[in-house]
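Inside the fold
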Amino acid sequence: MRDAVRILKQLILKGSINDRDDSELFNMAQNDDNYKNLEIIADEWNFHIISTLHNIYIVPLQDNELFSMKLREVRENAGSTARNTDAYLQCYIIMVILWLFFRSKNGNPQSADSLRIKNIVEEVDIRLKNENNASELDKKQINFRAISDIWNNKVLLNEGKKSSKTQLVYTACKFLARNRLIEFRDDGDEIRPKNRLVDIMTMYYLKESRIMEINSIFEKES
């Protein structure tokens, strides 16, 4: 059990371990007894252990009080004066980014290796230009009329204003980057998913049933 706790400690600190930087712990985790102990802890603490050929990840369940992402974190990332509505808008932008990366309906759900910031802005703009586009998602208890109002009241181009649509997308991307899910390229004008995001999305979040559900939501919006 001591080895399992050592592995878990590193997973909590880093979110993942790999066979290159954490070879000792990674090899420990390949031991059947250690992995079984990890699964016991995961079951008690409400998270999943995701293993790939070269990486191991910890993924909190939605009701995990210890490790799951809180709306407060998203709101604080949006700015010191941000309200819950601003946080919901950030969540929506993140959902659009993930959909653009992983919307394929074939065996490999990843549909893009990179996204331009301007293209993300255009996609969000299309979807929030008319509040009726979000009527299906409104059932998820988020006031999409309010978030669409925030979005549509912003200028399209940055023009040095922190409240522009471009800046709102940058803020969402920085949140993902800080959580080691994406990286910026081309002087910040492009984002690429990190292996951590690809592995977690393809091996856990985007099982076939979830892909169908997410695609149906966005198709109804269009």
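Residues numbered from 1 in each chain as written. Predicted model: local features only at pLDDT ≥ 70, side-chain atom pairs only at ≥ 80, totals over all residues. Heavy atoms only, no water.

**A look at the pattern of salt bridges**
The line we're drawing: Any carboxyl oxygen of Asp or Glu within 4 Å of a side-chain nitrogen of Lys or Arg constitutes a salt bridge here. In this scheme, a residue with accessible area under 20% of its type's maximum is buried, one over 50% is exposed, and one in between is partly exposed, where area comes from a 1.4 Å probe on protein chains only.
By the definition in use, this model includes ten salt bridges. The shortest N-O distance in the salt bridge between Arg 20 and Asp 21 comes to 3.2 Å. Arg 192 is paired through a salt bridge with Glu 190; the nearest N and O atoms lie 3.3 Å apart. On the basis of relative accessibility, which here comes to 12%, the residue Glu 190 falls in the buried class. Members of the salt-bridge network, linked through shared partners, are Arg 116, Asp 186, Glu 190 and Arg 192.

**Some points on the packing of aromatic side chains**
Describing an aromatic ring pair means giving the distance of the ring centres and the angle of the ring planes. Formally: Any two rings among Phe, Tyr and Trp, with Trp reduced to its six-membered ring, count as a pair given centres within 6.5 Å; such a pair is stacked if its planes are under 30 degrees apart, edge-to-face if over 60, and tilted if neither. Note on criteria: charge over ring means Lys NZ or Arg CZ within 6 Å of the ring centre, with the direction from the centre no more than 35 degrees off the ring normal.
If you walk through the whole model with that rule in mind, you get two aromatic pairs. Plain terms: the ring middles of Phe 101 and Phe 102 are 6.1 Å apart, the flat faces sit at 55° to each other, and that makes the pair tilted. Across the pair, Phe 102 and Phe 101 agree in class, each one buried. Of note, Arg 103 hangs over the ring of Trp 99, and the distance from its end group to the ring centre comes to 4.8 Å. A cation sits over an aromatic face here: Arg 127 above Trp 99, 4.7 Å from the ring centre.

Nothing here speaks to function; it is geometry throughout.
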